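Here are the chains, one letter per residue:
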Amino acid sequence: MVTKQLTQSTHSSLVEVLRHWVDVQPQESVYTFLLDGDSGEAHLTFAELDQRARAVAAQLQRTNKGGERAILLYPPGLEFIVAFLGCLYSGIIAVPAYPPHPTRLERSLPRLRAIINDAQPSIVLTTEVIQSTAQKILLHLPDISPMQWMATDIVDSSIAEDWNDPHILPTACAFLQYTSGSTATPKGVVVTHANLMHNQRMIQEAFRHDDRTVHVAWLPLYHDMGLIGNVLQSLYLGTHCVLIAPTTFLQRPFRWLQAISQYRATTSGGPNFAYDLCVRRVSPEQRADLNLNSWTIAFNGAEPIRHDTIERFTRTFEECGFHREAFYPCYGLAEATLFVTGATHQTGAVTRYVDRQRLSHHQVIMVDPTHEQAMPLVSSGRNWSEQQIVIVDPDTHTCCVPDQVGEIWIAGDSVAQGYWQRPTETTQTFHAHTAENGNTPFLRTGDLGFVHDDEFFITGRIKDLIIVDGVNHYPQDIELTVEQCHPAIRSGSCAAFAVDVDGQEKLVVVAELDREFRTLRKRSEPAVMNAETPAQIFEELVITIRRVVSEQHDMHLYDFQLLNIGAVSKTSSGKIQRHACRESYLDQSLDVFQVR
């Protein structure tokens, strides 16, 4: 197969990979962007992509900014891909980011400001339309130094002939992937060309991709899962990738599944919430038009993977040809380029049941699903390639035995070089050593988990752990309990965290009100809501949440706040930013739903 030949080749960068495909299949389509999700398409062949990337690179080389940073501000579409590869072709370090939205500056501008202040880019790459609006917005930020702007969509493709191959070394920085900022300020992960190539090979091996692979993707291209897992993997394979805008999926999830059906996609996926959204909002009439039997890799990552979600999605879409074996739970992070662990191909999601109470003490005891303390955990798969993964006690740095919870540490060629201009944090995170082995440097992920039968199970983030009365509680478990106890709570929009009250840690939960209950007057479920006024309904809601949290987690809920839609802080990939929610709670800036 063609892809097998590529894997065994000596290509050391994606620039060489694209040039290879231009020689082999110049007129084959590599990317298709669905302009409105339903009709209208924009295409790029390998030859067109190469020419446009070289043209952007030639224009960049005229600026004499080799080795400097260029921030990429693009709407969803093919222009981002052209600009990103233009940076790789020119030797300029790409910094993907999300353009500021004029109507949502309070949420989008702080992250962009943090990235610009940290990366100190000298040039902004964007489209002509975005430049006209974003440039005015950024001029109002006095702490951001002036930058040169370039609209890549109006660069003349004919100047591609002026491009000079900079002969970039594999060890050179390809781009800065800024972390999601779920627990702290975003940091720029230094990803080299060698890191990218190793991770692409590992994804191909784990997913068993070949020259018949077809991707359909809706994930943001400035995020590692969307960029590396979809766009760059297709380029690496020399196969076709169909893209839709994230807002297109969020507004109408059917469009995602429709694209999979129409283009006979084999690989597609996203965070857990995406599958729940499809179950809730794809109608029986829409399902009747879907054929999902080509979908063999439905990857699920970036947030806790729910056993119930997998079962619901399978039951709902098996009539469309979807098979449970297609589910592919996986785990990754920006500091390891992207992919770390993944399921065995076509085995489906592996679920094990553990004693919830013992897990709160970081002890893993397998139990029968009927056990009163049984809690399902979905495996994030196994280790791949020559990578080394160990579970380590985060305090003593000693390696844990199987079925013992500890911090996940990684060593391998996909591990990035560190954080941009942060030597102290780089040493702490990327150069850790176990008590047993002082020679091998490990990446500390900050994630907790354990190994059982060579399967990796992720249990939570160290910084998000809630410790009350000496007992560990994982916030995502409390959040799931709250979401499931009442239909008025919006799925995937709940945050649990601890606050200090008179020297003691207390549990606080904030959650968004579901769109269908936004007046707190819905009467379609009288068994759930027997109260008459919004105030009575809210009181009933809080009583229910307190009772269920107490019963299932043996915890007292100190405070609960019901929020308006969109009030819970999230990362670009949909992760709950519990730290940000906690800060907003403490300074009383949460957008609280007003019960009238």
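Refer to the structure presented above.
Within every chain, residues take consecutive numbers counted from 1 along the sequence as written. Thresholds applied to this predicted model are a pLDDT of at least 70 for local features of residues and 80 or more for the giving and counting of side-chain atom pairs; totals over whole chains, interfaces and linings are not thresholded and use all residues. Values reported for side chains reflect all heavy atoms of the structure, with hydrogen atoms and water molecules removed beforehand.

Tallying secondary structure elements over the protein gives 18 helices and 26 strands in all. A radius of gyration in this sense is built from C-alpha atoms; the matching globule rule multiplies 2.2 Å by the number of residues raised to 0.38. For 596 residues, the compact-globule formula gives about 25 Å, and the C-alpha radius of gyration of the protein, at 24 Å, lands near that figure. Accessible area is worked out with a 1.4 Å probe on protein chains only. A residue is then buried under 20% of its type maximum, exposed over 50%, and partly exposed in between. Evaluated residue by residue, the protein yields a buried proportion of 59% over its 596 residues. Residues are treated as being in contact if the distance between any of their heavy atoms lies within 4.5 Å. For the protein, restricting intrachain contacts to residue pairs at least 6 apart in sequence, the fraction spanning at least 24 positions comes to 71%. Secondary structure elements follow DSSP: runs of H or I no shorter than four residues count as helices, runs of E no shorter than two count as strands, and numbering proceeds from the N terminus.

Two strands are counted as paired when DSSP detects at least two bridges linking them. Pairing in this open sheet of 4 strands is antiparallel, and the strands run E18-E19-E20-E21 from one edge to the other. The open sheet has two edge strands, strand E18 (388-392) and strand E21 (455-461), and neither has a second partner. Across this sheet, the average inter-strand angle for adjacent strands is 45 degrees, counted without regard to direction. What counts as an axis is a line fitted to C-alpha atoms, over the stretch in contact for a helix, and the angles between N-to-C directions run from 0 to 180 degrees.

Another aspect to go through is the environment of Ala265. Among the secondary structure elements, Ala265 is positioned in the loop between helix H10 (254-263) and strand E11 (267-270). Assessed through its relative accessible area of 0%, Ala265 is described here as buried. In sequence terms Ala265 and Val214 are 51 residues apart; their C-alpha atoms lie 4.7 Å from each other. Apart from residues lying up to four places away in sequence, Ala265 is in contact with Val214, His215, Val216, Ile260, Ser294 and Trp295.

On to the pattern of salt bridges. A pair is scored as a salt bridge if a Lys or Arg side-chain nitrogen falls within 4 Å of a carboxyl oxygen belonging to Asp or Glu. This model, assessed by the stated rule, comprises 19 salt bridges. The partner of Arg62 in a salt bridge is Asp162, with the nearest N and O atoms 3.0 Å apart. Here Arg62, found in the loop between helix H3 (46-61) and strand E3 (69-73), pairs with Asp162, found in the loop between strand E6 (148-151) and strand E7 (173-178); they are 100 residues apart in sequence, far enough to count as distant. Of the residues examined, Asp162 reaches a relative accessible area of 41% and is grouped as partly exposed. One network of salt bridges, with partners in common, ties together Arg19, Asp50, Arg54 and Glu161.

Throughout, the protein atoms alone are placed on a 1 Å grid, and a set of points is a cavity if a 1.4 Å probe fits but cannot get out or a pocket if it is open with protein on both sides within 12 Å along at least five of seven lines; lining residues have an atom within 4 Å of a point. Grid points are joined across faces, edges and corners, and a volume is the space filled by probe spheres set on the points. Computed from the structure, the second largest pocket encloses a volume of approximately 620 Å³. Surrounding the second largest pocket, 30 residues form its lining, Val471, His473, His553, Asp554 and Met555 being those nearest its centre. Elements with a minimum of two residues in the lining of the second largest pocket: helix H14 (356-359), strand E16 (374-378), strand E23 (471-473), helix H16 (475-485), strand E25 (504-513) and helix H17 (534-553). Under the grouping applied here, Gly and all other residues not named as nonpolar or charged are polar, the nonpolar ones being Ala, Val, Leu, Ile, Met, Phe, Trp, Tyr, Cys and Pro and the charged ones Asp, Glu, Lys and Arg. Here the residues of the lining of the second largest pocket sort into 10 nonpolar, 12 polar and 8 charged.

Below, the discussion takes up helix H2 (residues 14-24). All of the buried residues along H2 are Leu14, Val15, Val17, Leu18, Trp21 and Val22. Projected down its long axis, H2 carries its buried residues within an arc of 160 degrees, all on one side. By arc we mean the arc of the directions from the helix axis to the C-beta atoms, nothing more.

The backbone of His362 shows a phi angle near 60 degrees, a positive value even though the residue is not glycine. Turning to its location among the elements, His362 is positioned in the loop between H14 and E16. The exposure class assigned to His362 is partly exposed, which follows from its relative accessible area of 22%. The phi dihedral of Asp554 is positive, around 55 degrees, even though this residue is not glycine. With respect to the helices, strands and loops of the structure, Asp554 is situated in the loop between H17 and strand E26 (557-563). Owing to a relative accessible area of 68%, Asp554 belongs among the exposed residues under this scheme.

Remark: helix H4 (residues 78-90) packs on helix H8 (residues 224-237), axes separated minimally by 13 Å, with the N-to-C direction vectors making an angle of 75 degrees. Between H4 and H8, the angle is such that the two are roughly perpendicular. Each of Phe80, Ile81, Phe84 and Leu85 in H4 lies in contact with H8, whose residues at this interface are Leu227, Val231, Leu232 and Leu235. Of the residues contributing to the contact of H4 with H8, the split by class is 8 nonpolar, no polar and no charged. Working definition: roughly parallel below 35 degrees, roughly antiparallel above 145 degrees, roughly perpendicular at 65 to 115 degrees, and oblique for all remaining angles.

Before going further, it helps to spend a moment on the nonpolar core. Remark: nonpolar core denotes a set of buried residues (Ala, Val, Leu, Ile, Met, Phe, Trp, Tyr, Cys) joined through side-chain atoms within 4.5 Å. In terms of nonpolar packing, the biggest core is built from 122 residues, with Trp256 and Leu257 touching the most fellow members. Among the elements that take part in this core, H4 stands out by supplying 10 residues, more than any other. Setting aside chain neighbours within four positions, we find Trp256 in contact with Val216, Trp218, Ile244, Phe249, Ser268, Gly269, Ala274, Tyr275, Cys278 and Trp295. The next biggest cluster of nonpolar side chains, apart from the first, holds 25 residues, and it includes Ile466, Val468, Leu507 and Phe560.

These figures capture arrangement, not role.
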